[in-house]
Amino acid sequence: MARLIECIPNFSCSKEKDEATYNELVKTAQSVPGCTLFDAQTDGNHNRCVFTLIGSPEAIEEVAFQLTKVATERIDMNKHHGEHKRMGATDVIPFVPQMDVTVEEAVEMSKRVAQRIWDELKVPSFLYEDSATRPERRNLATCRKGEFEGMPEKLLQPDWAPDYGERKIHPTAGITAIGARMPLVAFNCNLETSDVEIAKKIAKVIRGSSGGFRSCKAMGFMLEDRGIAQVSMNMVNYEDTPLYVLVDNVAGGNQKLLTHDEALDHLLQSTVIPERGTVVIDGTTYNIVRAQEAHKGQGAAFFYEHRYYQAQGTGDTGELDADLLTDYHLVLNPNALQGHVVDDAGG
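I will try to describe carefully the structure that is included in this document. Predicted, not measured: the structure shown is a model, and the values here were computed from it. Residue numbers restart at each chain and count upward from 1, following the sequence in its written direction. Only residues with pLDDT of at least 70 are given local features in this predicted model, and only at 80 or more are side-chain atom pairs given and counted; all residues enter the totals for whole chains, interfaces and linings. With hydrogens and water set aside, each side-chain value is computed from the structure's full complement of heavy atoms.

**Overview of the nonpolar core**
Line of reasoning, step 1. Membership of the largest hydrophobic core comes to 54 residues, with the highest contact counts inside it found for Leu25, Phe51, Leu53, Ile60 and Phe95.
Line of reasoning, step 2. Only DSSP runs of H or I reaching four residues or more are called helices, and only runs of E reaching two or more are called strands; each is numbered from the N terminus. If you tally residues by element for this core, the top one is helix α2 (residues 57-74), at 8 residues.
Line of reasoning, step 3. Contact between two residues is taken to exist if any of their heavy atoms lie within 4.5 Å; hydrogens are not considered. Setting aside its immediate chain neighbours within four residues, Ile60 contacts Ile5, Cys7, Cys35, Leu53, Ile54, Gly55, Phe95 and Met109.
Line of reasoning, step 4. To define a nonpolar core, start from buried Ala, Val, Leu, Ile, Met, Phe, Trp, Tyr and Cys residues and group those joined through side-chain atoms within 4.5 Å. Think of it in three bands: residues with accessible area under 20% of the maximum for their type are buried, residues over 50% are exposed, and the middle band is partly exposed, with areas taken using a 1.4 Å probe on protein chains only. The next biggest cluster of nonpolar side chains, apart from the first, holds 19 residues, and it includes Cys189, Ala229, Met233 and Leu246.

Set out below in structure tokens:
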């Protein structure tokens, strides 16, 4: 049986802002034998792209380094601007075990890649999540706090020496976070409002660092090109907090956190009209489910379209064990948030 590991590197560039660099990254991702570029996401507002790669451990280890080399040579963080927090040209390199690869093996891979990146590119790195050398470094947001601009000062603090490299950033490529982790779901809610403060208020209530759901990281952003606000979330453990819980909390205006049972009850009472189809990606057939739903919950009427992929015949549950990108588009009543105190979004 083939041994497979997934890698989801994030780069501080986008096709919208720097098409040449984006295309070079795509070309490099497709150039390593034994590795498949499963998906490439790019966002001009965030000025960021995210690749999903899967392949043999040897191929993934090589492609992770080669992509970092391209990003280091082509991206100047001194000139980078975008909505998403970032600290490096190659901002983060997660390794996710998939088939006949253990977490321990993924951790060792992260260390080898970090060492090679320092030896050959002189880009320092933090180890995070399951690779973390200290408890506080498990959280990517904690490692990234200060971002590129504040990182030179941060690295001089007693507790923040890089795990690999010297106490100084690469002058243009910054610093990278590298580690092994379980699958993460990037999950965005687009609100039908141009008031970014509403998105920030929602994010503050639901994210774990502010007392919300422990597996949720959330920020409020403005999508300038579309004139709407977005709640952008990372679910570091989708089993701990299901996505439907977040949907009901975001759409409900977050007067209070709904429990899992309350959110599920709202979902079951909704009118759901699925449209099913299939698509073939790299020889594998997937179901595409589009669910359109309208209901009232916690004082805010909303409508959204949910896209996700469910693999056929993979694993015991039939679900694709890979990172998913899920977008919910909601109509939110801004009045549902009256009484909230405005505050900056955190990690």
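**A closer look at a negative patch on the surface**
Line of reasoning, step 1. Note that patches include only residues with greater than 30% relative accessible area and no salt bridge, and the join distances are 9 Å for like charges and 5 Å for nonpolar side chains (Val, Leu, Ile, Met, Phe, Trp, Tyr). Note that accessible areas follow from Shrake-Rupley with a 1.4 Å probe, and for residues the cover is restricted to the protein chains shown. The salt bridge criterion pairs a side-chain nitrogen of Lys or Arg with a carboxyl oxygen of Asp or Glu, the two atoms within 4 Å. Under the convention used here, Asp and Glu are negative, Lys and Arg are positive, and both His and the chain ends fall outside the count. For this purpose, a charge sits on NZ of Lys, CZ of Arg, CG of Asp or CD of Glu. On the surface, a cluster of negative charge is contributed by Glu16, Glu83, Glu224 and Asp225.
Line of reasoning, step 2. Within the fold, Glu83 resides in the loop between α2 and β5 (90-99).

**Things to note about the environment of Met233**
Line of reasoning, step 1. Mapped onto the elements of the fold, Met233 is located in strand β10 (residues 228-235).
Line of reasoning, step 2. Between the C-alpha atoms of Met233 and Ala186, which are 47 residues apart in sequence, the distance is 5.9 Å.

**Digging into the environment of Phe11**
Line of reasoning, step 1. Summarising the element assignment, Phe11 is placed in strand β2 (residues 10-11).
Line of reasoning, step 2. Taking the relative accessible area as the measure of exposure, Phe11 reaches 0% and is therefore buried.
Line of reasoning, step 3. Separated by 40 residues in sequence, Phe11 and Phe51 have C-alpha atoms that sit 8.5 Å apart.
Line of reasoning, step 4. The residues contacting Phe11, other than those within four sequence positions of it, are Leu25, Asn47, Arg48, Cys49, Phe51, Leu67, Ala71, Ala89 and Thr90.

**Describing the pattern of salt bridges**
Line of reasoning, step 1. Here the structure, examined in full by the defined rule, presents 18 salt bridges.
Line of reasoning, step 2. For Glu61, the salt bridge is made with Arg112, and the minimal N-O distance between the two is 2.9 Å. Taken as a pair, Glu61 in helix α2 and Arg112 in helix α3 (residues 103-121) lie far apart in primary sequence, 51 residues in all.
Line of reasoning, step 3. For Glu61, a relative accessible area of 21% translates into the label partly exposed.
Line of reasoning, step 4. Between Lys111 and Glu108 there is a salt bridge whose closest N-O contact spans 3.7 Å. You can see Lys111 and its partner Glu108 sitting in helix α3, 3 residues apart, about one turn around the helix.

**With respect to unusual backbone geometry**
Line of reasoning, step 1. One non-glycine residue, Asn47, lies in the positive phi region at around 50°.
Line of reasoning, step 2. Here Asn47 shows up in the loop between β3 (35-43) and β4 (48-55).
Line of reasoning, step 3. The class for Asn47 is buried, based on a relative accessible area of 9%.
Line of reasoning, step 4. Of note, the phi angle at Glu129 is positive, near 50°, even though the residue is not glycine.
Line of reasoning, step 5. With respect to the secondary-structure elements, Glu129 resides in the loop between β6 (125-127) and α4 (140-144).
Line of reasoning, step 6. With a relative accessible area of 14%, Glu129 lands in the buried category.

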